Structures are given as structure tokens and as C-alpha cells.
Amino acid sequence: MVIETERLLLRNYNVNDSDDLYEIYKDEETCRYLLHEAWTDKTRQQEFIKKLLSSDLINKGHISLGCFLDDKVIGDISIWSVSMKDTMEIGFVFNKEYRNHGYASEAINSLIEYLFNELNIHRLKANLDARNKESEQLCKRVGMRQEAYFIQDFWSKGEWTSSCVYGFIKDDLNKKNGNL
């Protein structure tokens, strides 16, 4: 999958992208709300890139895309099929050095257009740690709405955390683009 925007390129990973991914995931602040800890060595990096390139993930409806700015991975975006018909879930993380420049919004907006127009999905959802205000704001910026808030529903990194679910349906894209 390849998606081009004004400034960015979204594409599947290759083995040459692993150092840029390590730069993203070695940061404790970036990994605070993720399911895994920050990477402390290159072993995690190598395991992760092998997993991303594995045909097993792709066969299960999981797509991982690098968000590239000038041939550098500045973001990691994953989408995967869920059990509901024509529904996908999205997860994303961006290098802290490239935040506040509109790159994440640009990337996610272009991916939303692709998913709804090219793959013809009906619904996209994001499940966030409720403390992750940056991701929550990104969801809102791209037109997703909060649909649920679950209090202390997930055990993560030694504590109960709350989560919120954001959603976007095909009709939202039509409204956003002035087609309704």
C-alpha cells in the first residue's frame, strides 16, 4: 500500500526502516500509553521489524505503514480488521521530534480517505488510553467522535487504566467532503 500526500509518503515497511522505528520507540514518553515499554536495545527493534514484514500479520488483515518525511520514518500507523463487517481499527505513534507540524493529521486524513474510498470500509475506530490527550486531539482533528469511555477497564504496565473509543463512519467522510 502506498499513499502520497502533499508532504508525506505512507508505505509498507522494509528492513531499512528499522533504525527510524527504533528512534521512535526508544523514547519513554512516546511509549507511556502504548502496550509495550520503550525499547532499550536493538533486539526489540529487530523482532518488531520482522513481525511487521511477516506475511502472518498481513494474512490476518493487519497492515503497518511507515509515515515518511524525506525518506525518514516519522510515524508508525497500523490498521487491522476487527470481527465486525467492513470495520477496521487504527493505531498510531509519531516521533516526538516531528510533532506539532500537522504531519499526523495529514497522514491520518489521507489514510481515512484511502480506507473509505479505496477499500470501501464502513467504520474506523481507535481505542486509546484515556490519559493520552495528544492522540485524543488527533482523533478529533481528523473528524472522529468519542463514542465510549470505559473506567479502569484495562490493566496496563502495573495499573488499571481507563480507555476511550473514537469512531468514524462512511457518512462522516461524506459530510466532511461536502457530499451529503
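Residues numbered from 1 in each chain as written. Predicted model: local features only at pLDDT ≥ 70, side-chain atom pairs only at ≥ 80, totals over all residues. Heavy atoms only, no water.

A. Structural view of the overall build of the chain. Counting secondary structure elements, the chain contains seven helices and eight strands. A compact globule built from 180 residues should have a C-alpha radius of gyration of about 16 Å, and the chain, at 16 Å, falls within 12% of that. For the chain, the C-alpha atoms occupy an extent of roughly 50 × 40 × 35 Å along the three principal directions. Looking at the chain as a whole, 48% of its 180 residues qualify as buried. In the chain, of all internal contacts separated by at least 6 residues, the share reaching a separation of at least 24 is 59%. Roughly 10,000 Å² of accessible area belongs to the chain as shown, and the carbon and sulfur atoms make up 47% of that amount. Averaging the locations of the 24 positively and 30 negatively charged side chains of the chain gives two centres separated by 4 Å. (Helix = DSSP H or I, 4+ residues; strand = E, 2+ residues; numbered from the N terminus. Rg over C-alpha atoms; globule rule 2.2 N^0.38 Å. Buried < 20%, exposed > 50% of the residue type's maximum accessible area, 1.4 Å probe, protein only. Contact = heavy atoms within 4.5 Å. Areas by Shrake-Rupley, 256 points an atom, 1.4 Å probe, with all protein chains shown as cover. Lys, Arg positive; Asp, Glu negative; His and termini not counted. Charge placed at Lys NZ, Arg CZ, Asp CG, Glu CD.)

B. The pairing of strand β5 (residues 87-94), seen in detail. In terms of burial, β5 is a largely internal element, seven of the eight residues being buried. Bridge count between strand β4 (residues 72-81) and β5: seven bridges; the pairing is antiparallel. Of the residues in β5, the one forming a bridge with Ile-79 is Ile-90. The turn linking β4 back onto β5 is made up of five residues, and Asp-86 within it adopts a positive phi angle of 55 degrees. Across three bridges, the pairing between β5 and strand β6 (residues 123-129) is parallel. (Pairing = 2+ DSSP bridges.)

C. Spotlight on the state of the cysteines. In total, this model carries zero disulfides according to the counting rule given. Here Cys-31 stays unpaired: no disulfide links it, and the sulfur of Cys-67, its closest cysteine neighbor, is 17 Å away. Take Cys-31: its relative accessible area is 2%, and that puts it in the buried class. Cysteine Cys-67 remains unbridged, with the sulfur of Cys-139 as its closest cysteine sulfur at 15 Å. Judged by its relative accessible area of 0%, Cys-67 is buried. (Disulfide = S-S within 2.5 Å.)

D. Geometry of the confidence of the model for the chain. Taken as a whole, the chain shows an average pLDDT of 90; of its residues, 92% reach a score of 70 or greater. Highest mean pLDDT in the chain belongs to β6 (97); lowest belongs to helix α4 (residues 55-59) (54). (pLDDT = per-residue confidence, 0-100.)

E. Broad picture of helix α5 (residues 103-117). Taking 1.5 Å of rise per residue, 15 residues should cover 21 Å, and α5 covers 21 Å from first to last C-alpha, within 8% of that figure. Burial of α5 is extensive: 11 of the 15 residues sit out of reach of the surface. (Expected span 1.5 Å × (residues − 1).)

F. Local environment of the sheet that holds β5. In spatial order, the strands read β1-β2-β3-β4-β5-β6-β8-β7; together these eight strands make up an open sheet with mixed pairing. Each edge of the open sheet carries a strand with a single partner, namely β1 (2-4) and β7 (145-156). Shown here is a sheet whose adjacent strand axes are inclined to one another by a mean of 25 degrees, direction ignored. Helix α6 (residues 133-141) contacts β5, β6, β7 and β8 (159-169) of the sheet and is inclined by roughly 160 degrees relative to β6. (Axes fitted to C-alpha atoms, helices over the stretch in contact; angles between N-to-C directions.)

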